[in-house]
Amino acid sequence: MVISMLFMSGIALMDMKAAPDVAEEVIENSTPVAFPGAEGFGRFATGGRGGRIIYVTNLNNSGAGSFRQAVEVETGARIVVFNVSGIIELESRINIKNGSLTIAGQTAPGDGITLKNHEVYVGANNVIIRFLRFRMGDERQTENDAMWGRRQNTIIIDHCTMSWATDEASSFYDNNDFTMQWCLLSESLRISVHDKGKHGYLGIWGGKKASFHHNLMAHHDSRNPRFCGSRYSNLPDQELVDFRNNVIYNWGANSGYAGEGGSYNMVNNYYKPGPASSNRSRIFQPNPDNGSNAQPAGVWGVFYVHGNYMNQSTSVTTDNWVGIHPNPSSKNKEELKSYTEFDKGLVTTHSAQDAFDAVLAHAGASFKRDAIDERIARETSTGTYTYTGSNGSTNGLIDSQADVGGWPNYESLPARLDSDGDGMPDVWETQFDLDPNDATDGKGYDLNTMFTNVEVYLNSLVQHILDQKNEAGVANYADTYEVLAPGATLNSSGETTQVITGGDDINTFSFSWNHALSVEFTGLPAGLEIDIDENQKTGTISGRPAESGVFEYTVATIGAVIPAYASGSITVEGDVPNSLNSLQANQGLSVFPNPFNDHLSISSEFSEISAIDIYAYDGRLVQQVEVNAFSVNINSSDLNSGLYVLQVRFADGSRHAAKLIKE
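Residues numbered from 1 in each chain as written. Predicted model: local features only at pLDDT ≥ 70, side-chain atom pairs only at ≥ 80, totals over all residues. Heavy atoms only, no water.

- Under the annotation held in an unreviewed UniProt entry, the chain carries the name Pectate lyase and is attributed to Geofilum rubicundum JCM 15548.

Below you can see the structure in the form of structure tokens.
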């Protein structure tokens, strides 16, 4: 039997669920972990727990208030939070050399933090990094990984995005007690600035108890991953890697290989060859050490390979060892095979198919996914690619970030007021009976017996993601602690389930909440307006859907210790007048061009235009122009590539919507 945790009356209790395969021991754990959902061998990192709060207040390369100052210069236990979003253009490598550090990227107000131009090196112990993007690029002509680290201990990398590196996207090896989980690693640059020429690799992975689980890897030529083995340590008995529930898509010349010494679990991963893939039925290609480093030649790894799914290959899915291709091929596979699973640490395991769905929905810096990660997830889902390389790479493998349009624009919103600088906004402290003028209460344990008050706040911002992503998984552990804070509540007003005719407005409805910061709506039809008022604690839905169908939506609180959820549906029957043809018929309207790049021209032959609204496809209003004219030219250069809804409002009170594509 497997035990999962429930919270009732603030107490962590146990709920028995049947394991999908065989019963296994479930470990009750009361040792503090990095955060709820921290798993694998790195889960016991404490990071900056109990230390100073350091705010990143600008996007500068260095100096007071910079990211570099917080993570590279400052020392001692510290938790780094953000009151700005955007791109940090690094002028040199970031070297994290002082440990006991937590970096909470989920605190950035707006679209989140992206690091550009140079690598970030994790060269310290006891580090927690969450919800950041590392998109290096080739503009500075440096040959590096986007983020990497080696020969450290007790590190967990959670929900980060790594891409556009000129060496490997991200390499972590020879570390002790390490986890990389729920990250999205894509589009390493294949023919770029590397001195060896063609590169474009995912990474070198390994360690002495290293976990790599629930990560999405897409559009890398090779090293998907390369297991480092014990070639640098000559300690094969200590090299232990758990590689499970990862999604590997559109590798080029090779999927994974090597593993010269060590023990490896390769469990319930989902392999999906794409347009660039050769060796389309290969899970992994082990090879022996060649003796060029610290270890004698001829040392092989040992592998437990089970439950992996190879898209388009029933034979490999049925017998995973058909997809293990030793190099040289004369090697007897039985000498490489373990019939029992090695130590996997404490981790939630999905079936490969369930992992595919969960990883595509949640991997990477998914608190605010950008257009690049959305595209990667979509391409992985559909088995397609969008871009090719400018130096000759094809089929989704690229040579420069410029090949895909470069870095998106990231919006920074005003930060919530934190009067005492303890890392918790005043409005949140007030709801949970803390003192917004006491800078010391963030270190207390008033809300949870395992996590400090400020950690409870940091975790609450993304608790809804944790709830959703682990729904179909089975954990081999149960963390036991007491939750002392009240759970959130959601109350509705108006018709939350409606049936309307295409072209009509919905009846406005709203949700109000308590013991949370905000709410998030998912699954609503495009074209609706979402108005969230955090001061009044209300989220209001109104407007006219731009598409027909049945839309089952959910509402989740954000910033709740125990989130609340609600759901409803909107059914739009019949056709919706949302095509440009119908707009032209109704108002003599011209919208040109579509798809568009930076500029859009809109004119009406019969009716005066009063305003133009452009909505992201998730319902957010991203641009609004007041017009009172028959024609208008709009500069939308700040919008990311993707699908939008254009709403044209006319002076006579009518309005119409059309779908737009920005290239």
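1. Let's talk about the overall build of the chain
At step 1: Regarding its fold elements, the chain presents eight helices and 48 strands.
At step 2: Relative to a compact globule of 663 residues, whose C-alpha radius of gyration would be 26 Å, the chain shows 25 Å and is just as compact.
At step 3: Taking the principal axes of the C-alpha coordinates as reference, the chain spans close to 80 × 60 × 55 Å.
At step 4: Look at the contacts in the chain between residues 6 or more apart in sequence, and 69% of them connect residues 24 or more apart.
At step 5: Working note: accessible area of the chain is about 24200 Å², and carbon and sulfur atoms make up 45% of it.
At step 6: The chain carries 45 positive and 79 negative side-chain charges, and their two centres are separated by 8 Å. (Helix = DSSP H or I, 4+ residues; strand = E, 2+ residues; numbered from the N terminus. Rg over C-alpha atoms; globule rule 2.2 N^0.38 Å. Contact = heavy atoms within 4.5 Å. Areas by Shrake-Rupley, 256 points an atom, 1.4 Å probe, with all protein chains shown as cover. Lys, Arg positive; Asp, Glu negative; His and termini not counted. Charge placed at Lys NZ, Arg CZ, Asp CG, Glu CD.)

2. A few points about helix H3 (residues 352–362)
At step 1: Buried residues of H3: Ala352, Ala355, Phe356, Ala358, Val359, Leu360 and His362, and no others.
At step 2: Of the surrounding elements, those touching the buried residues of H3 are strand S21 (216–218), strand S24 (247–249), strand S27 (270–272), strand S30 (309–310), helix H4 (371–382) and helix H7 (463–469).
At step 3: Remark: Gly364 follows H3 within two positions and exhibits a positive phi of approximately 85°. (Buried < 20%, exposed > 50% of the residue type's maximum accessible area, 1.4 Å probe, protein only.)

3. Considerations on the pairing of strand S9 (residues 113–116)
At step 1: The alternating pattern of S9 places Ile113 and Leu115 and Thr114 and Lys116 on opposite faces, both of which are buried.
At step 2: Where strand S6 (residues 86–89) and S9 come together, four bridges link them in parallel fashion. Note that in S9 the partner of Gly86 across the bridge is Ile113.
At step 3: Where S9 and strand S12 (residues 133–135) come together, two bridges link them in parallel fashion. Among the inter-strand pairings, Thr114 is bridged to a residue of S12, identified as Arg133. (Pairing = 2+ DSSP bridges.)

4. A word on the side chain of Ser510
At step 1: Looking at where Ser510 falls in the secondary structure, it is placed in strand S36 (residues 509–514).
At step 2: When neighbours within four sequence positions are excluded, Ser510 is seen to be in contact with Asn491, Ser492, Ser493, Gly539 and Thr540.

5. Details of the pattern of salt bridges
At step 1: Applying the stated criterion across every chain, the model contains 26 salt bridges.
At step 2: With its nearest N and O atoms 3.8 Å apart, the salt bridge here joins Lys116 to Glu89. Note that Lys116 is positioned in strand S9 and Glu89 in strand S6, a separation of 27 residues in sequence.
At step 3: Residue class for Lys116 comes out buried when judged on its relative accessible area of 8%. (Salt bridge = Lys/Arg side-chain N within 4 Å of Asp/Glu carboxyl O.)

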